[in-house]
Amino acid sequence: MHVDKTTLAREFINLIPQARALQLEITEIRDGLAVIRMPYDEGLVGDPDTGVIHGGAVSTLMDTCGGAATMAHPSNPGGTATISLRIDYLRAATPGQAIVARAECHHVTRSVAFVRATAHDDDAENPVATATGTFTVEGAA
C-alpha cells in the first residue's frame, strides 16, 4: 500500500489543535524537507509594548515543521513524536510579518531522526531562530 506522505503530513498537522490555532500552513513538503508558514496574529503577541510574537508560538512552529520533515523522509514509515528540541532565538520577529520555518530531516537511524531548522520573517537572510531536534521513527523496535 502506497502512502502519500505529503497528504499524511498535512492531515497530521490539521489534527493538532495548537497548529490549527496558530494557523500553520505547509507551503512545501517533500523528501525530508518541510516549510511551514505562521501568519502574524495579534493574539500571539508576547509583549504588547512591542507587538513581537511570543517565543512559544515560534517554538511550536519549529517543532511542527521538524515533525513534518521527519514524516516526509523516505526512511520513516509514518508518524513521529518529538524526543528533544533545542531552539536558539537570534532576534525578535518583526511585528506584523509572518514567520516561516524550514526544517530538514538530514539523518535517520532505525529509531531516531535528526532535524535542523530555521525560522525567519520577511528577512530570510536574518533568521529569527535556529533549531536542532530529534524525533521518533515510527515502527522502531
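Owing to the predicted nature of the structure, the values given are computational and were not obtained by experimental measurement.

Participant: When you look at the sheet that holds strand 6 (residues 99-108) in this model, what are you seeing that I'm missing?
Facilitator: By definition, the strands of a sheet pair up through backbone hydrogen bonds, in either a parallel or an antiparallel sense. The six strands lie next to each other as 1-2-6-7-8-5, forming an open sheet whose pairing is antiparallel. Only two strands of the sheet have a single partner each, and these edge strands are strand 1 (25-30) and strand 5 (82-89). Taken over all neighbouring pairs, the strand axes of this sheet differ in orientation by 15° on average, direction set aside. Relative to strand 6, strand 2 (residues 33-38) runs antiparallel, the two being bridged by six bridges.

Participant: Mind showing me how you'd approach the nonpolar core here?
Facilitator: Proteins that are soluble and globular tend to have nonpolar side chains buried together. If you look at the biggest cluster of nonpolar residues, it comprises 36 residues, and the most contacted ones within it are I36, M38, M62 and I99. Of all the secondary-structure elements, those providing two or more residues to this core are helix 1 (5-15), strand 1, strand 2, helix 3 (55-71), strand 6, strand 7 (112-120) and strand 8 (129-136). Element by element, the count of residues in this core is highest for helix 3, at seven residues. With residues up to four places along the chain from it excluded, the contact list for I36 reads I13, L24, E25, I26, T27, L61, T64, C65, A68, I99, V100 and A101.

Participant: Help me understand the pattern of salt bridges in this model?
Facilitator: Opposite charge on two side chains permits them to pair, given that their charged atoms come into close proximity. Taken as a whole and judged by the stated rule, the model has three salt bridges. Put simply, E28 and R30 hold a salt bridge, and the shortest N to O gap is 2.8 Å. For E28, a relative accessible area of 31% gives the class partly exposed. Residues R91 and D121 are paired through a salt bridge, measuring 2.6 Å at the closest nitrogen-oxygen approach. Of this pair, R91 sits in the loop between strand 5 and strand 6 while D121 sits in the loop between strand 7 and strand 8, and the two are 30 residues apart along the sequence. What makes R91 partly exposed here is its relative accessible area of 22%. Look at D121 and you get buried, because its relative accessible area is 2%.

Participant: Is there a simple way to explain the environment of T80 in this structure?
Facilitator: Summarising the element assignment, T80 is placed in the loop between helix 3 and strand 5. With a relative accessible area of 15%, T80 lands in the buried category. When the C-alpha positions of T80 and V137 are compared, they lie 5.7 Å apart, and in sequence the two are 57 residues distant. When sequence neighbours within four positions are dropped, the list of residues in contact with T80 reads F12, G67, T70, M71, F135 and T136. Of the polar contacts made by the side chain of T80, one reaches the backbone oxygen of T136; its length is 2.6 Å.

Conventions and cut-offs
- For every chain, the first residue of its written sequence is number 1, and the numbers climb from 1 along that sequence.
- Totals for whole chains, interfaces and linings use every residue, but because this is a predicted model, local features are given only for residues with pLDDT of at least 70 and side-chain atom pairs only at 80 or more, for both listing and counting.
- In computing side-chain properties, one takes all heavy atoms of the structure into account and sets aside hydrogens as well as water.
- Here the rule is simple: two strands pair whenever DSSP picks up at least two bridges between them.
- Per the convention used, a helix needs a DSSP run of H or I reaching at least four residues, while a strand needs a run of E reaching at least two, with both numbered from the N terminus.
- Fitted lines through C-alpha atoms serve as axes, helices being fitted only where they are in contact, and the angles separating the N-to-C directions of these axes extend from 0 to 180 degrees.
- For the purposes of this section, nonpolar cores are sets of buried Ala, Val, Leu, Ile, Met, Phe, Trp, Tyr and Cys residues that join through side-chain atoms within 4.5 Å.
- Exposure categories follow from relative accessible area, calculated using a 1.4 Å probe and restricted to protein chains: below 20% of the type maximum is buried, above 50% is exposed, and the middle band is partly exposed.
- Contact between two residues is taken to exist if any of their heavy atoms lie within 4.5 Å; hydrogens are not considered.
- Any Lys or Arg side-chain nitrogen located within 4 Å of an Asp or Glu carboxyl oxygen qualifies as a salt bridge.
- We call two N or O atoms a polar contact when they sit within 3.5 Å, provided that within protein one can donate a hydrogen and the other can accept it, with sequence-adjacent residues counted only if both atoms are side-chain atoms.

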